[in-house]
Protein chains: 2
Amino acid sequence: MTGWVAVAGLGPGDAALITPEVTAALGAASDVVGYAPYVARIAPRPGLRLHPSDNREELSRALSALRMAAEGRRVVIVSSGDPGVFAMAAALFEVMEAHPGHADADIRILPGITAMLAAAARAGAPLGHDFCAINLSDNLKPFTEVERRLRHAARGGFAMAFYNPRSASRPHQFARVLDILREECEPARLILFARAVCTSDERLTTVQLADALPAMADMRTVVIVGNEATRRVGRWLYTPRSVAP
Amino acid sequence: MTGWVAVAGLGPGDAALITPEVTAALGAASDVVGYAPYVARIAPRPGLRLHPSDNREELSRALSALRMAAEGRRVVIVSSGDPGVFAMAAALFEVMEAHPGHADADIRILPGITAMLAAAARAGAPLGHDFCAINLSDNLKPFTEVERRLRHAARGGFAMAFYNPRSASRPHQFARVLDILREECEPARLILFARAVCTSDERLTTVQLADALPAMADMRTVVIVGNEATRRVGRWLYTPRSVAP
């Protein structure tokens, strides 16, 4: 039997948001690898080996998947959300580049509902006009690069979605992000803190930039900053599709 | 019976990319409204009324859905891709704002696989690092705003995804977009033209910016411009997760 690797997005947490394509790949798999909390979302069954691993082990996990596929196994690498957005797909290609012997591996990337779009849907349509997605973690890039992108996103009039806004290892950085936003945007700019979207722990909070506090975000939060036209209607938050000439 | 409106994302075209949540909403619906090519993707069944409408009729379509819900009907507004990304969700809230009598309507936004993420998955992981999504149509904003956003996205080091890059009514504008990119980016910058992704007409083409031609895009194309680190590995296109300090 020929082995393969599928990098699959499990969406934000609700099984009703997992595509049939991903469900079919999981049903055909011999092995599932991924960060332990994501692997924990996969129902065990006979013949399926689960390989949970720690955070920040993306490269060794991807190499392990390619090696198993070369042995004929059918491997699904699970990501939360969409595998192409700050997740495992890019890590797999980094490993393939470093290990050219796997260049012909049978690989499929299976998209999923990424956190910012799930959060936007729960809140209304805050990403209804041009927007940016920025990973605020400085694990893989210097914070100066985060700052440069924040300023260009604000000056370009983009709404913004932030992944990994704050963690125990870098608690002070998100305060700096809010300071930068306050330098670039008006105090009434609306910010959505969407925590654990589409799970039983879901909590959505919208505040003005002037009232935003670093503690409103944690690693389970996606933050969406509106553009200057983003507004509320009833209980909803949305960004109009138009920009006046 | 109490009426409701669900704004549902059908994904890029393949039924295997429609979430179970959207399938359930369609199964419970009494009425489906939307742009005719999207309504054509819904299987007819007894008791389901289909209401196809023309492009650029977003506001009248949304108002019609709210009025049907007020009469107790169960209405799904269908969008291609994700309803929150350059699609019907923002249009619905614009209408709600203009018609406050509908402020208490029972509304749900059901996310879907948006075109840029489906295209990215088919090509590899070109949006694997910070990126922007820009609607190139100037139907609802002046082209000067498109230009401002392009320049900030390029100077911020973002990868970019373009929706609605080119249409019969504005054939020359995408040539101008390519000119702006050539002013801001190096000639070897990689660009993906992803046409009709996840349909039988799918065609993926990656070229360097220097070789990009306006005719490579049409209204069924999503265009993804890599950042300066975006590269090929085997048949894949990907953007590394890291930025060197």
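The structure presented is a predicted model; accordingly, all values stated were derived computationally and were not measured.

Calculation notes
Residues numbered from 1 in each chain as written. Chains lettered and ligands numbered in written order. Predicted model: local features only at pLDDT ≥ 70, side-chain atom pairs only at ≥ 80, totals over all residues. Heavy atoms only, no water. Salt bridge = Lys/Arg side-chain N within 4 Å of Asp/Glu carboxyl O. Buried < 20%, exposed > 50% of the residue type's maximum accessible area, 1.4 Å probe, protein only. Helix = DSSP H or I, 4+ residues; strand = E, 2+ residues; numbered from the N terminus. Pairing = 2+ DSSP bridges. Least-squares fit on C-alpha atoms with pLDDT ≥ 70 in both. Contact = heavy atoms within 4.5 Å. Axes fitted to C-alpha atoms, helices over the stretch in contact; angles between N-to-C directions. Parallel < 35°, antiparallel > 145°, perpendicular 65-115°, else oblique. Left-handed = near helix turned anticlockwise from the far one by under 90°. Nonpolar A, V, L, I, M, F, W, Y, C, P; charged D, E, K, R; others polar. pLDDT = per-residue confidence, 0-100. Core = buried A, V, L, I, M, F, W, Y, C linked by side-chain atoms within 4.5 Å.

## Some points on the pattern of salt bridges
Two side chains carrying opposite charge are able to pair once their charged atoms lie near each other.
Then, number 1: Going through the model one piece at a time under the given rule, you end up with 38 salt bridges over all chains.
Then, number 2: Here Arg176(A) makes a salt bridge to Glu183(A), at a shortest N to O gap of 4.0 Å.
Then, number 3: You can call Arg176(A) partly exposed: its relative accessible area is 31%.
Then, number 4: Using a relative accessible area of 52% as the deciding quantity, one classes Glu183(A) as exposed.
Then, number 5: Across the pair Arg155(B) and Glu184(B) runs a salt bridge, and its minimum N-O distance is 2.6 Å. Placement of Arg155(B) in helix 6 (residues 143–155) and of Glu184(B) in helix 7 (residues 173–184) is noted, with a sequence separation of 29 residues between them.
Then, number 6: Owing to a relative accessible area of 43%, Arg155(B) belongs among the partly exposed residues under this scheme.
Then, number 7: Judged by relative accessible area, Glu184(B) falls into the partly exposed class, the value being 21%.
Then, number 8: When salt bridges that share partners are traced, they join Glu147(A), Arg151(A), Arg155(A), Arg176(A), Glu183(A) and Glu184(A) into one network.

## Focus: the sheet that holds strand 12 (residues 231–233) of chain A
The strands making up a sheet associate through hydrogen bonds between their backbones, and the pairing can be parallel or antiparallel.
All names here are of chain A.
Then, number 1: Ordered by their spatial adjacency, three strands build an open sheet running 6-13-12, and the pairing between neighbours is mixed. Both outer strands of the open sheet, strand 6 (124–125) and strand 12, are each paired with one neighbouring strand and no more.
Then, number 2: Alignment of strand 6 against strand 13 (residues 236–238), held across two bridges, turns out to be parallel. Across the sheet, residue glycine 124 finds its bridge partner in strand 13, namely leucine 237.

## Some thoughts on the relation of the copies chain B and chain A
Note: a rotation about an axis with an accompanying shift along it relates these two copies of the chain.
Then, number 1: With an RMSD of 0.0 Å, the fit of chain B onto chain A corresponds to turning through 180 degrees and sliding 0.0 Å along the axis. The superposition of one copy onto the other is thereby described by a two-fold rotation axis. Across chain B, the smallest distance between a C-alpha and the rotation axis is recorded for Cys132(B), namely 2.0 Å.
Then, number 2: Taken as a fraction of all interface residues of chain B, those also at the interface in chain A reach 100%, which identifies the copy contact as same-surface.

## Thoughts on the packing of helix 6 of chain B against helix 7 of chain B
Residue and element names in this part refer to chain B.
Then, number 1: At a minimum axis separation of 10 Å, helix 6 and helix 7 run at an interaxial angle of 30 degrees. The orientation of helix 6 relative to helix 7 falls into the category roughly parallel. Note on packing geometry: the crossing formed by helix 6 with helix 7 is right-handed. Contacts from Phe143, Glu147, Leu150, Arg151, Ala154 and Arg155 in helix 6 reach Gln173, Arg176, Val177, Ile180, Glu183 and Glu184 in helix 7.
Then, number 2: Grouping the amino acids of the contact of helix 6 with helix 7 by side-chain chemistry returns five nonpolar, one polar and six charged.

## Some details on the confidence of the model for chain A
Then, number 1: Residue-level pLDDT values for chain A average 95, and 99% of them are 70 or greater.
Then, number 2: Model confidence for the complex: the whole-complex pTM is 0.97, and ipTM, which rates the interface, is 0.97.

## Observations concerning the nonpolar core
Then, number 1: Counting 50 residues, the largest nonpolar core has Phe162(A), Phe162(B) and Leu181(B) as the members making the most contacts within it.
Then, number 2: Ranked by size, the runner-up nonpolar core spans 48 residues in total, among them Phe86(A), Leu117(A), Leu127(A) and Ala159(A).

## Thoughts on the packing of helix 3 (residues 58–70) of chain B against helix 4 (residues 88–98) of chain B
Residues and elements named next belong to chain B.
Then, number 1: Contact pair helix 3 / helix 4: the axes reach a minimum separation of 9 Å and the direction vectors enclose 70 degrees. The angle between the axes of helix 3 and helix 4 places the two elements in the roughly perpendicular class. Viewed along their axes, helix 3 and helix 4 form a crossing whose handedness is right-handed. In this structure, helix 3 contributes Glu58, Leu59, Arg61, Ala62, Leu63 and Leu66 to the contact, and helix 4 contributes Met88, Ala91, Leu92, Glu94, Val95 and Met96.
Then, number 2: Each residue belonging to the contact of helix 3 with helix 4 can be placed in one class, and the counts come to nine nonpolar, no polar and three charged.

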